[in-house]
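Residue strings, one per chain:
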Amino acid sequence: MKVELAKSAGFCYGVRRAVEVAQQAAASGRPCVMLGHIIHNNSVIEALEAQGVSVVERPEDAPAGSAVIIRSHGEGKAVYDALQARGAEIIDTTCPNVSRIHKLVAQAEAEGRCPLIIGSPSHPEIQAIAGWCTNAVVLDGPEALGDWLAADPRRCRMPLAMVSQTTSTRERWERCIKKAKKECTNIKISDTICNATCKRQAEAQELAARNEAMIVIGSRESSNTRRLAELCAALCPTVLWIERAEELEPSNLYGKASVGITAGASTPGWIIKEVYDKMSEENMEIEESFAEMLEKSI
Ligand code: F3S
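The shown structure was predicted, so the numbers you read here are calculated from the model rather than taken from an experiment. (Residues numbered from 1 in each chain as written. Predicted model: local features only at pLDDT ≥ 70, side-chain atom pairs only at ≥ 80, totals over all residues.)

## What about the environment of Gly14?
Right, on to step 1. Along the polypeptide, Gly14 turns up in helix H1 (residues 13-27).
Right, on to step 2. Taking the number of C-beta atoms within 10 Å as the measure of exposure, Gly14 has 24 and is therefore buried.
Right, on to step 3. Gly14 sits 59 residues away from His73 along the chain, and the two C-alpha atoms are 9.4 Å apart.
Right, on to step 4. If we skip the residues at most four places from it in the chain, Gly14 touches Ser72, Cys95 and Asn97. (Helix = DSSP H or I, 4+ residues; strand = E, 2+ residues; numbered from the N terminus. Buried ≥ 20, exposed ≤ 12 C-beta atoms within 10 Å, placed from the backbone. Contact = placed C-beta atoms within 7 Å.)

As structure tokens, then:
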């Protein structure tokens, strides 16, 4: 069986940075907690908990004297204010690409524009971005943008500023831009899709187009993994989305001559390796070059 691994599979630099900062904080021995999961991967969170970094849900739950780690998806301004009011030390692992969006929306509002945030309303990154302005409108895609504008024609003439979730697909975002340019007379558009995401999605599509099956490894909570699975499903008849190696059902790959593997931005290299090991144990005849690819990617 020919098995190809996407070069970009696994941690992006923002996630790698967040995990390293949290691991250093844990190793320092000083008391610290995570405010929410710092990345969307339960295995990584469990490993940090085993090192003594527990998860708290709200700033007020952080024990006095503990440093508080802010997750890679970022937090709204009110959370920073609450932590500062409690005198907590903040260890900020917000991805710089996300911090940039916080500044863009805050500045847009200060200039009198209404921020339009294109992304999933329930995703922590989007909630955090909305928390840097007072009147942001969150819309989950081009259809929602069209409906919002159509609901009140005066909106098309308002000063607006549009940004996107870092993990949106380029195709959805382009459709939003097209709609906005057609309907709105005063809109500032900032392209905030992360380059690492674009590259990962493009590679996943290339692999999905030329292989008989795709394995997508990543958490069910991870929106960038979900996008990868959706993009692959549009091009490849068999897509297996798994969180860990034990979910891989080898019979789903019987008879496939070629398999592509990609992984979400918050999937650690050791989980990719686990999948490889399981496939080897199942006597799948994997080409030797795959082990080399794996070495390079983790
Ligand atoms: Fe940052 Fe992009 Fe990763 S926004 S957390 S580098 S997917």
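## What about the domain arrangement of the chain?
Right, on to step 1. Split by domain assignment, the chain resolves into domain 1 (2-11 + 195-297), domain 2 (13-95) and domain 3 (97-189).
Right, on to step 2. Taken together, the seven residues of domain 1 in the interface contact six residues of domain 3.
Right, on to step 3. Elements with a minimum of two residues in the side of domain 1 that touches domain 3: helix H8 (195-210) and helix H9 (223-233).
Right, on to step 4. With four residues, the top contributor of residues to the side of domain 1 that touches domain 3 is H9.
Right, on to step 5. Of the residues assigned to the side of domain 1 that touches domain 3, the class counts are two nonpolar, four polar and one charged. (Domains from an automatic or database assignment. Nonpolar A, V, L, I, M, F, W, Y, C, P; charged D, E, K, R; others polar.)

## Observations regarding the site of the ligand
Right, on to step 1. Around the ligand there are 15 residues in total, and Cys12, Gly14, Cys95, Asn97 and Cys194 lie nearest to it.
Right, on to step 2. When residues of the shell around the ligand are traced back to their parent elements, those giving at least two are H1, helix H4 (96-110) and H8.
Right, on to step 3. Of all the elements, H1 adds the most residues to the shell around the ligand, at three residues.
Right, on to step 4. Considering only residue class, the shell around the ligand consists of eight nonpolar, seven polar and no charged. (Near = placed C-beta within 6 Å.)

## With respect to the sheet that holds strand E1 (residues 2-5)
Right, on to step 1. Spatially, four strands are ordered E1-E12-E10-E11 in an open sheet, and the strand pairing comes out parallel. Looking at which strands have only one partner, the edges of the open sheet turn out to be E1 and strand E11 (239-242). Strand-to-strand twist of the sheet, defined as the mean angle between neighbouring strand axes without regard to direction, takes the value 20°.
Right, on to step 2. Pairing of E1 with strand E12 (residues 258-263) involves four bridges; the strand directions are parallel. Across the sheet, Val3 pairs through a bridge with Val259, a residue of E12.
Right, on to step 3. Packed on one face of the sheet, H9 meets strand E10 (213-217), E11 and E12 and runs near 175° to E10. (Pairing = 2+ DSSP bridges. Axes fitted to C-alpha atoms, helices over the stretch in contact; angles between N-to-C directions.)

## Observations concerning the sheet that holds strand E7 (residues 137-139)
Right, on to step 1. Across the sheet, which stays open at both edges, the four strands sit in the order E7-E6-E8-E9 with parallel pairing between neighbours. Unpaired on one side and paired on the other, E7 and strand E9 (187-189) mark the two borders of the sheet. Ignoring which end each strand starts from, the neighbouring axes of this sheet average 25° apart.
Right, on to step 2. Here strand E6 (residues 114-118) runs beside strand E8 (residues 160-164); their pairing, made up of five bridges, is parallel. Directly across from Cys114, in E8, lies its bridge partner Leu160.
Right, on to step 3. The strands touched by H4 within the sheet are E6, E8 and E9, with E8 carrying the most contacts at an inclination of about 170°.

## With respect to the confidence of the model for the chain
Right, on to step 1. With 95% of its residues at a pLDDT of 70 or more, the chain has an overall mean of 93.
Right, on to step 2. Of the two predicted TM-score estimates for the complex, the pTM is 0.87 and the ipTM is 0.99. (pLDDT = per-residue confidence, 0-100.)

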